[in-house]
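Take a look at the letters that make up each chain.
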Amino acid sequence: MTDRPRTSWLIPALLGSAAALGASALYAVYQNREAERRTPPIGDFITVDGVRLHYVERGQGEALVLIHGNGTMIQDFLSSGIVDDLAQRFRVILIDRPGYGYSDRPRGVWTPRAHATLFQKALQQLGVTQAVVLGHSWGALVAVALALQAPHLVRSLVLASGYYYPTLRADVVLAFPSAIPILGDLLRHTVSPAVGRALLPAMIKGMFAPAAIPERFDREFPTDMMLRPLQLRASAEDAAMMTPVTVELQRHYRDLKLPVAIIVGGDDQIADVGRQSQRLHDELPNSTFVEVPGMGHMIHHLAPEQVVEAVELASKQSRAAAA
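The rules behind the values
Residues numbered from 1 in each chain as written. Predicted model: local features only at pLDDT ≥ 70, side-chain atom pairs only at ≥ 80, totals over all residues. Heavy atoms only, no water. Axes fitted to C-alpha atoms, helices over the stretch in contact; angles between N-to-C directions. Helix = DSSP H or I, 4+ residues; strand = E, 2+ residues; numbered from the N terminus. Parallel < 35°, antiparallel > 145°, perpendicular 65-115°, else oblique. Contact = heavy atoms within 4.5 Å. Nonpolar A, V, L, I, M, F, W, Y, C, P; charged D, E, K, R; others polar. Left-handed = near helix turned anticlockwise from the far one by under 90°. Salt bridge = Lys/Arg side-chain N within 4 Å of Asp/Glu carboxyl O.

Further remarks concern the packing of helix 5 (residues 112-125) against helix 11 (residues 229-249). Running from N to C, helix 5 and helix 11 cross one another at 90 degrees; their axes reach a closest spacing of 9 Å. Classed by the angle they form, the pair helix 5 and helix 11 counts as roughly perpendicular. Touching Pro112, Arg113 and His115 of helix 5 are Asp238, Val245, Glu248 and Leu249, all from helix 11. In terms of residue class, the contact of helix 5 with helix 11 is built from three nonpolar, one polar and three charged.

Dropping the structure here:
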């Protein structure tokens, strides 16, 4: 008799928790479907090693590959306006990295080198033998890995707002639970989309800070696609891997003998300019460095003309080196 009052709350609490998780799961399914209904695929598909990749091509000429960062997708570059400009002189190829947009992401360890292997084979299927490669943020690590693994393919690099050297990062710690199988799956299919929806405005603001969010990005970029369970998994896994992968890659930066253009926002609040991009520039004698004052992490949105100029400079330098 005396034990009943102490445990009488347990079953209702468990039932209430189960009901809340069930409702969250249904909400996540609904939001996922609505996001994909509002933003259907805009490109074509190619299958590489059993992984279906979504990609877009614009323009003709020398091949230029754009690799997006963590949490985003092809539309990040499209909404910046640089594709419109670059497509007048280049064959611009944009690929949703595995797990983002409409690209698959099988279970596995998706390091920058794993991405690079997949991209190399994808570009071969697309008939690309040489290309200028631009990587933004986490995509800069993929671009570096691609240049290290396939120097015959990558003519020159443009690295925008990158992270290259290991540091202590709070986002790595915070991302770890969501990257764990089973636990992460439960979170991503229940509470994470709702929590993410509440936190997303502040997160996006931080990506552009101290500059304002451009109107075109606000109008065109499909932020609700970022909250789908698969993309949340990809983003969490990439964030959790960020520091460990740089421990390995940093030992090989001096092997980069090709022209490298490095461009950053001087007030980037995501990747410390001095500890990351400036340090890489100091380590690479064949690199150029552009720091745009007052701009944040999303440099291709905030200083598109300078990014286009960096691409053109990298292309010119690679042609001069080949002559």
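Resuming the write-up.
Once that is clear, we can look at the packing of helix 5 against helix 6 (residues 138-149). Working note: a packed helix pair is described by the angle between its axes plus the distance between those axes. Closest axis-to-axis distance for the helix 5/helix 6 pair is 8 Å, and the angle between their directions is 65 degrees. Between helix 5 and helix 6, the angle falls in the class roughly perpendicular. By crossing handedness, the relation of helix 5 to helix 6 is classed as right-handed. Within the contact between the two elements, helix 5 uses Pro112, Arg113, His115, Ala116, Thr117, Gln120 and Leu123 and helix 6 uses Trp138, Leu141, Val142, Ala145, Leu146, Leu148 and Gln149.

Attention shifts here to the pattern of salt bridges. Scanning the model with the defined rule gives 19 salt bridges in all. For the salt bridge of Arg89 with Asp85, the shortest nitrogen-to-oxygen distance reads 3.0 Å. The residue Glu220 makes a salt bridge to Arg216 at a minimum N-O spacing of 3.1 Å. Pair noted here: Glu220 and Arg216 are both in helix 10 (residues 215-220), with a separation of four residues, about one helical turn.

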